[in-house]
Amino acid sequence: MSRHEILFLWVIAYLAVCARGGAAVKPADFETFWQRALVQLQTVPASANWQSDTLSFAGPGFVPCQVRCHLDSASTLPPVIYLLDRADADLFTPSPTHSWLVVDVGAMWSQADLGPEPTHHPMYAGVLTARRGLSLLLQRTRPGHLRAGLVGEGRGGGVAMALAALVPDEVAFVAAHQPLPGPRYADETTGAATSPELRAVELRYRAFRSHLPRQLAYFDLSGFAPGIRCPTLLSYGGRDATVSAVEVGALYDALTCDKELAELPEARHCQAADLQEWWAIWRTWANEKVEG
């Protein structure tokens, strides 16, 4: 696809968003909103309960959080936080060769209040939960690891991009596949409801969508992209009906860091069967960045 064709498709996508209620405009208090959120998170008790394979801690709003974990004090590889957005996140098992946390971002959407304020948006809880997990993980890894990698797909990819912009000194790299903050306009759904749990979430979105015009500007990924300073890999699926190549390409253009864009021609949106190819791509890319 030529540059002119991509530009044409971007314009069409932009006009479509405008027709659905207008493109999000970065608010004047965007940075203040998120810095205030990080400060408020510091009022939550910093204690944590590390078990052999789980980590429990207090998240935003003092809500108890439990994530899966693995600690390898001997590994020379940087630790990684995996931010997943799919129904089988509990079945996902990363490599045991490095320290990691797995945060089920998708689950936060099914549990969120979905109220009218920006702080009710599920991505708000996702970013702050990941931020607390990042702090705890770096505290428990070997002294030479001052930064961790962030790997996410779908809404988890959106959380990874946001967190990398908010705490750039603590992030070694970002790999975000099909990233999005959730619904981006009033009539958008989360995609195919493939389980009773997802269908229940879809029903809750009917009320939530009316709040999107007020909330979305604080979660638009284009507002975070310029603040990312670490090496970043963005990727998209050729058969993804939720996040288009044009949208990911626009985010890629907004990045000012060391960056790379990858296409998975047959990949659909956050389908477990399609993620193995992405897994191989980002790991090869990340290994080159770490070793380099």
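Asks: Explain the overall build of the chain to me, please; I cannot follow it from the model alone.
Replies: Each helix and strand in the chain was counted, giving 10 helices and 9 strands. Evaluated residue by residue, the chain yields a buried proportion of 50% over its 292 residues. Within the chain, counting contacts between residues at least 6 apart in sequence, those at least 24 apart form 70% of the total. Of the roughly 13,600 Å² that the chain leaves accessible, carbon and sulfur atoms contribute 55%.

Asks: Looking at this structure, how should I read helix H2 (residues 30-41)?
Replies: In an α-helix, one turn spans 3.6 residues, which is why side chains three or four residues apart end up on the same side. The end-to-end C-alpha distance of H2, which contains 12 residues, comes to 17 Å, matching closely the 16 Å that a straight helix rising 1.5 Å per residue would cover. Buried within H2 are the following residues: Phe-30, Phe-33, Trp-34, Ala-37, Leu-38 and Leu-41. Buried positions in H2, seen along its axis, are confined to an arc of 130° and lie on one side of it. Buried residues belonging to H2 abut helix H4 (122-140), helix H5 (155-166) and helix H8 (221-224).

Asks: Would you mind showing me how to read the nonpolar core here?
Replies: Side chains of a nonpolar character, in soluble globular proteins, are inclined to be buried together. Counting residues in each nonpolar core, the largest one holds 63 residues, and the members touching the most others are Trp-34, Met-161 and Phe-224. A total of 9 residues in this core trace back to one element, the largest contributor, which is H4. Here Trp-34 is in contact with Tyr-124, Val-127, Leu-166, Tyr-218, Phe-219 and Phe-224, once residues within four sequence places are set aside. Counting residues in hydrophobic clusters, the runner-up holds 19 residues, among them Phe-92, Trp-100, Ala-175 and Ala-286.

Asks: Explain the pairing of strand E6 (residues 148-153) here, please?
Replies: Two faces make up the sheet, and in a regular strand the side chains alternate between them. Burial runs high along E6: 6 of the 6 residues are buried. Here E6 shows no split at all, with Ala-148, Leu-150 and Gly-152 on one side and Gly-149, Val-151 and Glu-153 on the other all buried. Relative to E6, strand E4 (residues 80-84) runs parallel, the two being bridged by 4 bridges. Among the inter-strand pairings, Tyr-82 is bridged to a residue of E6, identified as Val-151. Regarding the hand of the β-α-β motif, the stretch spanning E6, H5 and strand E7 (residues 171-177) is right-handed.

Asks: What am I meant to see in the pairing of strand E2 (residues 54-58) here?
Replies: Within E2, 4 of the 5 residues are buried, which leaves it mostly tucked inside the rest of the structure. The sheet contact formed by strand E1 (residues 48-50) and E2 spans 3 bridges and is antiparallel. Directly across from Trp-50, in E2, lies its bridge partner Leu-55. Hairpin connection between E1 and E2: a loop of 3 residues separates the two successive antiparallel strands. Direction of pairing for E2 relative to strand E3 (residues 64-70): antiparallel, over a ladder of 5 bridges. Counted as the bridge partner of Thr-54 is Arg-68 from E3. Connecting the antiparallel pair E2 and E3 is a turn made up of 5 residues, with Gly-61 showing a positive phi of about 70°.

Rules behind the numbers
Numbering of residues starts from 1 in each chain and follows the order in which that chain's sequence is written. In view of the model being predicted, local features appear only for residues whose pLDDT reaches at least 70, and side-chain atom pairs are presented and counted only at 80 or more, with totals across whole chains, interfaces and linings using the full set of residues. Hydrogens and waters are ignored; side-chain quantities use all the structure's heavy atoms. Counting from the N terminus, the helices are DSSP H or I runs at least four residues long and the strands are E runs at least two residues long. Residue burial is assigned from relative accessible area. The probe radius is 1.4 Å, only protein chains are included, and a residue is buried under 20% of its type maximum, exposed over 50%, and partly exposed in between. Residue contacts are defined here by distance: any two heavy atoms, one from each residue, within 4.5 Å place the two residues in contact. Where accessible areas are quoted, they stem from the Shrake-Rupley method and a 1.4 Å probe; at the residue level, only the protein chains shown are allowed to cover. Here a helix's expected span is defined as the number of its residues, less one, multiplied by 1.5 Å. Directions drawn from the helix axis to the C-beta atoms are what define this arc. Throughout this description, the term nonpolar core refers to a set of buried Ala, Val, Leu, Ile, Met, Phe, Trp, Tyr and Cys residues connected via side-chain atoms within 4.5 Å. A pair of strands is considered paired only if DSSP assigns at least 2 bridges between the two. Convention used here: a crossover is right-handed provided that the path from the first strand, over the helix, to the second strand proceeds clockwise when the strands point away from the viewer.

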